[in-house]
Amino acid sequence: MLKLEDGCIFSISDDNLEFNHMWLDDKYVTKLDDNMNIVLDSFNNKCYLLNNDELVGDYFPQERSDDSHVDCNSVSFILAITYKCNFRCTYCYQQHDVSLDRRLISEENLEKILAIISDYMELNPDKNVDIGLFGGEPLLPENEKAFDRVLLFCKEKRIPLHITTNGFYLRRFLKKLIINRKFISSINPTIDSTELNYLTRCSLDKSQNCSESTKELIDCIKILISYGVKVNLATNIDRLNYDKIWDMKNDLESLDLLTNPNFVWSLGRVDDRLFETGYPHILKESELIGEIMKHKLPDNMHIAFLKTTNNLVRKLGIITNQLEKKGKNNYCWNSSKEDMAFYVDNNLKTYRCTYTVGRPKYNIFDFSLDNLLKYEVQDKTSDSYKECMGCKIGGFCGGGCQLSHKVNFEKCCEYEKENFEYFIDNIFIPEVRRKYAQFC
């Protein structure tokens with residue numbers, strides 16, 4: 001009996017096998033060759049290679065499990081101080097919502113939020129707390145007073161601040177960020193192409209030269225990292241630019257960014273979780289994996305938000321450098337107890353999932369100390385859905401995105417199965433065959 005783990009195939013000794021047997025009825029089984037079978041136990045996150053003789057009827061020996069749960073000791077409070085944005089990216093799920101309240105947060109509501117966070121910290125001294133700024137676009141010129149107040153709070157409480165921004169007005173805030181760099185954990189701007197910012201996928205409220213705005217942002221990034229401020233540059237990947245990943249990598253290397261320890265480059269797929277934007281260029285997760293396998297990733301290049309294929313990607317030993325945490329049977333960090341973050345907006349509405357921010361019907365509670373202390377982080381897996389009972393890949397997909405699942409379960413399920421089968425046929429089986437040939 002063989003096992004695949006961390007890119008290696010090895011034999012399992014009899015000492016590591018249970019006396020009882022594991023049934024195949026909820027396992028994903030496919031042929032590796034005429035004699036060898038791949039058995040995927042998605043719920044226990046295991047991959048076995050068994051010859052035909054080892055598949056005795058409908059069962060096989062069960063391996064002793066050594067998986068353990070990791071409790072989260074960090075809490076992020078991410079403040080959406082405004083939903084107003086100077087960009088209109090064609091794939092943006094948030095700005096697509098015409099009902100967004102784009103007003104800047106009031107001083108009163110901002111002070112309420114900061115007071116609640118302060119009280120929470122006093123009651124939970126063992127928790128590592130950080131604050132984020134989100135939007136909309138948090139670094140609009142009219143937001144500067146609110147920005148200053150949040151920064152002052154972080155300095156007083158000695159907690160880190162991270163900022164998600166499109167970077168267009170980064171120059172305006174540059175001096176403050178550098179002076180207060182001790183309290184800035186990261187600046188997270190977005191560039192979808194280093195040659196021409198957002199190509200034709202983004203428009204500005206006012207006519208601007210996109211290539212000039214890209215140059216300006218790159219200059220700001222260089223200044224920040226030279227002062228030791230970490231910059232996590234995000235690029236949204238879809239069918240319009242996924243084949244340009246390596247050109248962008250070369251651009252970032254030529255700009256002396258990818259070799260800098262204070263610089264990180266994250267690639268995340270464009271998504272349409274509520275099936276509402278109709279964005280036609282969305283790339284499958286498995287297709288992105290196929291692309292990034294073509295070259296070895298540098299340590300500071302990260303693939304973000306891998307979901308259904310993530311466990312098997314790790315089995316193959318494919319390096320993605322993914323930073324997000326989630327349980328082995330969860331779809332994403334939002335459905336897992338291993339990560340805890342709260343998005344709080346200008347109306348004191350609180351959200352767990354990035355995709356829901358700004359949509360009041362997905363508000364988990366109105367932000368207050370009592371509600372915060374009572375809230376229990378959910379642990380959603382495929383076992384949480386009656387529609388998913390008996391699914392052989394349920395442990396990998398975790399029932400899919402909760403939003404997509406509720407809006408259109410059939411469409412959500414079809415997508416995840418299609419994505420999974422593409423991965424198995426085009427990536428997993430060929431890679432396991434190659435590793436098995438080396439093992440033999």
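In what follows, the structure referred to is the one given above.
Let me begin by describing the structure that accompanies this report.

Cut-off values and rules
- Residues numbered from 1 in each chain as written.
- Predicted model: local features only at pLDDT ≥ 70, side-chain atom pairs only at ≥ 80, totals over all residues.
- Heavy atoms only, no water.
- Helix = DSSP H or I, 4+ residues; strand = E, 2+ residues; numbered from the N terminus.
- Rg over C-alpha atoms; globule rule 2.2 N^0.38 Å.
- Contact = heavy atoms within 4.5 Å.
- Areas by Shrake-Rupley, 256 points an atom, 1.4 Å probe, with all protein chains shown as cover.
- Lys, Arg positive; Asp, Glu negative; His and termini not counted.
- Charge placed at Lys NZ, Arg CZ, Asp CG, Glu CD.
- Axes fitted to C-alpha atoms, helices over the stretch in contact; angles between N-to-C directions.
- Parallel < 35°, antiparallel > 145°, perpendicular 65-115°, else oblique.
- Nonpolar A, V, L, I, M, F, W, Y, C, P; charged D, E, K, R; others polar.
- Core = buried A, V, L, I, M, F, W, Y, C linked by side-chain atoms within 4.5 Å.
- Buried < 20%, exposed > 50% of the residue type's maximum accessible area, 1.4 Å probe, protein only.
- Expected span 1.5 Å × (residues − 1).
- Phe/Tyr/Trp six-rings, centres within 6.5 Å; stacked < 30°, edge-to-face > 60°.
- Left-handed = near helix turned anticlockwise from the far one by under 90°.

### Focus: the overall build of the chain
A tally of regular secondary structure across the chain gives eleven helices and 17 strands. Relative to the compact-globule value of 22 Å for 440 residues, the chain shows a C-alpha radius of gyration of 23 Å, a close match. Along the three orthogonal principal directions, the C-alpha set of the chain runs to about 70 × 50 × 40 Å. In the chain, of all internal contacts separated by at least 6 residues, the share reaching a separation of at least 24 is 68%. For the chain, the computed accessible surface area is about 20,000 Å², with 48% contributed by carbon and sulfur atoms. Put simply, the chain has 56 plus and 67 minus side-chain charges, and the middle of one group is 5 Å from the middle of the other.

### Some remarks on the packing of helix 6 (residues 285–292) against helix 11 (residues 409–439)
Interhelical geometry of helix 6 versus helix 11 gives an angle of 30° and a closest axis separation of 8 Å. For the element pair helix 6 / helix 11, the angle class is roughly parallel. Packed against helix 6, whose contacting residues are Glu285, Ser286, Glu287, Ile289 and Gly290, the element helix 11 presents Tyr415, Asn419, Tyr422, Phe423 and Ile427 at the interface. Per-class residue counts for the contact of helix 6 with helix 11 are five nonpolar, three polar and two charged.

### Quick notes on the nonpolar core
One finds Leu40, Leu79, Trp265, Phe367 and Phe428 to be the most contacted residues of the largest nonpolar core, which totals 93 residues. Of all the elements, helix 11 adds the most residues to this core, at eight residues. The contact partners of Leu40, leaving out residues within four places of it in the chain, are Lys27, Tyr28, Lys46, Cys47, Leu312, Phe396, Phe420, Ile424 and Phe428. Counting ten residues, the second largest nonpolar core, distinct from the first, contains Ala80, Phe134, Trp333 and Ala341.

### Some thoughts on helix 1 (residues 107–123)
Here helix 1 is 17 residues long and its end C-alpha atoms lie 25 Å apart, about the 24 Å a rise of 1.5 Å per residue gives. For helix 1, the complete set of buried residues consists of Asn109, Leu110, Ile113, Leu114, Ile116, Ile117, Ser118, Tyr120 and Met121. Buried residues along helix 1 sit in contact with strand 8 (74–80), strand 9 (128–134), helix 2 (144–157), strand 15 (341–345) and helix 8 (369–374).

### Thoughts on the packing of aromatic side chains
As enumerated under the stated definition, the model contains 13 aromatic pairs in all. Ring centres of Phe77 and Tyr120 lie 5.6 Å apart, and the angle between their planes is 80°; on these two criteria the pair is classed as edge-to-face. Within this pair, whereas Phe77 is found in strand 8, its partner Tyr120 is found in helix 1, the two being separated by 43 residues in sequence. Assigned by exposure class, Phe77 and Tyr120 land together as buried. The structure contains a cluster of three or more aromatic residues connected by ring pairs, namely Phe77, Tyr120, Phe342, Phe365, Phe367 and Tyr375.

### Some points on the packing of helix 2 against helix 3 (residues 170–179)
Contact geometry of helix 2 with helix 3 gives a least axis separation of 12 Å together with a crossing angle of 15°. What the angle tells us is that helix 2 and helix 3 run roughly parallel. Pair helix 2 / helix 3 crosses with right-handed handedness. Packed against helix 2, whose contacting residues are Glu144, Phe147 and Asp148, the element helix 3 presents Arg172, Phe173, Lys176 and Leu177 at the interface. Grouping the amino acids of the contact of helix 2 with helix 3 by side-chain chemistry returns three nonpolar, no polar and four charged.

### Some remarks on the environment of Glu418
Relative to the helices and strands, Glu418 is located in helix 11. The spacing of Glu418 and Asp366 is 52 residues in sequence and 38 Å in space, taken between C-alpha atoms.

### A look at unusual backbone geometry
Note the cis peptide between Gly135 and Gly136, where omega equals 15°. Within the secondary structure, Gly136 sits in the loop between strand 9 and helix 2. Even without glycine at this site, Asn45 takes up a positive phi of about 55°. With respect to the helices and strands, Asn45 occurs in the loop between strand 5 (36–41) and strand 6 (46–51). Under the relative-accessibility criterion, Asn45 is labelled buried at 16%. A positive phi is found at Asn321, a non-glycine position, where the angle reads about 60°. Relative to the helices and strands, Asn321 is located in the loop between helix 7 (310–316) and strand 15.

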